[in-house]
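Fold and geometry: a report
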Amino acid sequence: MNPVVGLDVAKGESQVQMFLDKKMPYKSSVKVDHTVDGLEELHTYLLDLERQTGMKPPIVLESTGHYHAPVVQFLEAREYIVIIVNPLVSYRAKSSSLRKTKTDAIDAYHLGELYYKEDLAPQKKRGVQLLNLRHLTRQHENMTGIMIQTKLQFQAVLDQIFPEYKGVFGDLYAEISIKTLQAYPTSESVKEAGVEEIAQFIDTHCKARSFNWALERSEKLIGAAERNPFQSTLYQSLLISLNMYIDLLQVYHQQLSTLEREIDELAAQLEEYELLQSIPGIGEKIAATIISEIGEIDRFNHPKKLVAFAGLDPSVFESGRFKGTKNHITKRGSARLRHMLYTAVRCSIRDSRKKKTTPETIARNKRLRAFYDLKREEGKPYKVAIIACANKLLHWIYAILKTKTPFQETM
């Protein structure tokens, strides 16, 4: 006997199809809820199958984002082997049938059949730390995207109230800049307050700077108010919106700071965190995201499999005597990992000052920059060269994580 259970996971429920052996389904397909009672019912079915075959059956299911999380946690706690299949693999298996039918029961049946057709590897536990780190880095990415949208909306409103304000502080979104704008949002309020009052306000809320610096900012703000084309604000709704966006930006900044602190504390407990940062161009945020997306490096027995997981492997198109030469990358893997590698490459090959006192520049990662220059000299377009560098970088990451040795700069 070679039993298996196909599990078609949906939101809040799963369809279960058990097999005694290849082409030997056991009983009818049933549906269970993702509740305590529903999962215990699932366990009852599994125990029944185990009694019939004398073996603990593996469970095959598709990766469904977070819907399968409670089921996997329940099964792993009871020491069942869980095989999580890429939806692309299971879709290809389902499409092999000539009949165009799709139901939850049929999908669960196909997942069970897939176990006998393919060499499927069991899901390895990433560990609580890696899963927590992945959740935090993804939440940070989502929050950053929301903050970017808020900044765009904030600037659109500011352009209709006080466009000249953008040149007062070096960073428009610095804490002191936001606080000053909230206190003096219009030309009328700036002129009414005067240089001394504004300077005192800036000095009180920015202790890291001198009073002379605060006075200079105050004078610049007065000048900006005099140049402002909107000498009077007709629409109070714009002021309400501006104040609302400022409050949101302050909250988002605090939330991002909290997430970054939690990510740093959690990632610092992982050996891989320091190892990846030994590669020039990979900082704390990039290292934490790469670790969380890759998970356990033991899941990959060859660097090419890690490259495919990132979606950086080239697509292949051949038919008869035709062989495609302009093939794009598959982009079928982790988009977040791919994005972080792209960012890491750009940081690595970028020139930076060797010393602040000299004009000499040097690439952060000389080995990767040399590889990039070679590809450009071969006539490769910019993006093609960057993707080639990302592929090379991922091979280095694989070797570092496998051998647990830091990056060696040999050039």
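The structure reproduced in this document is the subject of the present report. In this text, all values refer to a predicted model and were calculated from it rather than measured experimentally.

Quick notes on the pairing of strand S1 (residues 4-10)
The buried count for S1 comes to six of seven residues, which makes it a mostly enclosed element. Pairing of S1 with strand S2 (residues 13-21) involves seven bridges; the strand directions are antiparallel. The partner of leucine 7 across the bridge, within S2, is valine 16. Between S1 and S2, which pair antiparallel one after the other, the connecting turn spans two residues, and glycine 12 there sits at a positive phi close to 80 degrees. In this structure, S1 lies alongside strand S4 (residues 59-62), joined through three bridges in parallel fashion. If you follow valine 5 over to S4, its bridge partner there is isoleucine 59.

Quick notes on the pattern of salt bridges
Under the criterion given, the structure shown has 12 salt bridges. Lysine 31 is paired through a salt bridge with glutamate 13; the nearest N and O atoms lie 3.5 Å apart. Linking lysine 31 in strand S3 (residues 24-33) with glutamate 13 in strand S2, this pair joins segments that are 18 residues apart in sequence. The exposure class of glutamate 13 is partly exposed, given its relative accessible area of 26%. Here arginine 138 makes a salt bridge to glutamate 293, at a shortest N to O gap of 3.0 Å. Of the two residues, arginine 138 sits in helix H5 (residues 128-158) while glutamate 293 sits in helix H11 (residues 284-294), which places them 155 residues apart along the sequence. Residue arginine 138 is classed as partly exposed on the basis of its relative accessible area of 26%.

Let's talk about helix H2 (residues 69-77)
When we look at burial in H2, the residues that qualify are Val71, Val72, Phe74 and Leu75. The arc that holds the buried residues of H2, viewed along the axis, is 165 degrees, so those residues lie on one side. Exposed residues pointing more than 90 degrees away from the buried face of H2 are listed as Gln73 and Ala77. Looking at the buried positions of H2, the neighbouring elements they touch are S1, S2, helix H1 (36-53), S4 and strand S5 (82-85). Glutamate 79 sits one or two positions beyond H2 and adopts a positive phi of about 60 degrees.

Some remarks on helix H8 (residues 211-227)
Here H8 is 17 residues long and its end C-alpha atoms lie 24 Å apart, about the 24 Å a rise of 1.5 Å per residue gives. Turning to H8, the residues buried within the fold contact helix H6 (175-183) and helix H7 (187-205).

A short note on the sheet that holds S4
The strand order across the open sheet formed by five strands is S3-S2-S1-S4-S5, and the pairing between neighbours is mixed. Either end of the sheet is taken by a strand with one partner, and the two such strands are S3 and S5. Direction aside, the axes of adjacent strands within the sheet are offset by 20 degrees on average. The sheet contact formed by S2 and S3 spans seven bridges and is antiparallel. In the strand pairing of S3, methionine 18 is matched with tyrosine 26. H1 contacts S1, S2, S3 and S4 of the sheet and is inclined by roughly 165 degrees relative to S3. Against the sheet, H2 engages S1, S2, S4 and S5, with an angle of about 155 degrees to S5.

Criteria and thresholds
Residues numbered from 1 in each chain as written. Predicted model: local features only at pLDDT ≥ 70, side-chain atom pairs only at ≥ 80, totals over all residues. Heavy atoms only, no water. Buried < 20%, exposed > 50% of the residue type's maximum accessible area, 1.4 Å probe, protein only. Helix = DSSP H or I, 4+ residues; strand = E, 2+ residues; numbered from the N terminus. Pairing = 2+ DSSP bridges. Salt bridge = Lys/Arg side-chain N within 4 Å of Asp/Glu carboxyl O. Arc of directions from axis to C-beta. Contact = heavy atoms within 4.5 Å. Expected span 1.5 Å × (residues − 1). Axes fitted to C-alpha atoms, helices over the stretch in contact; angles between N-to-C directions.

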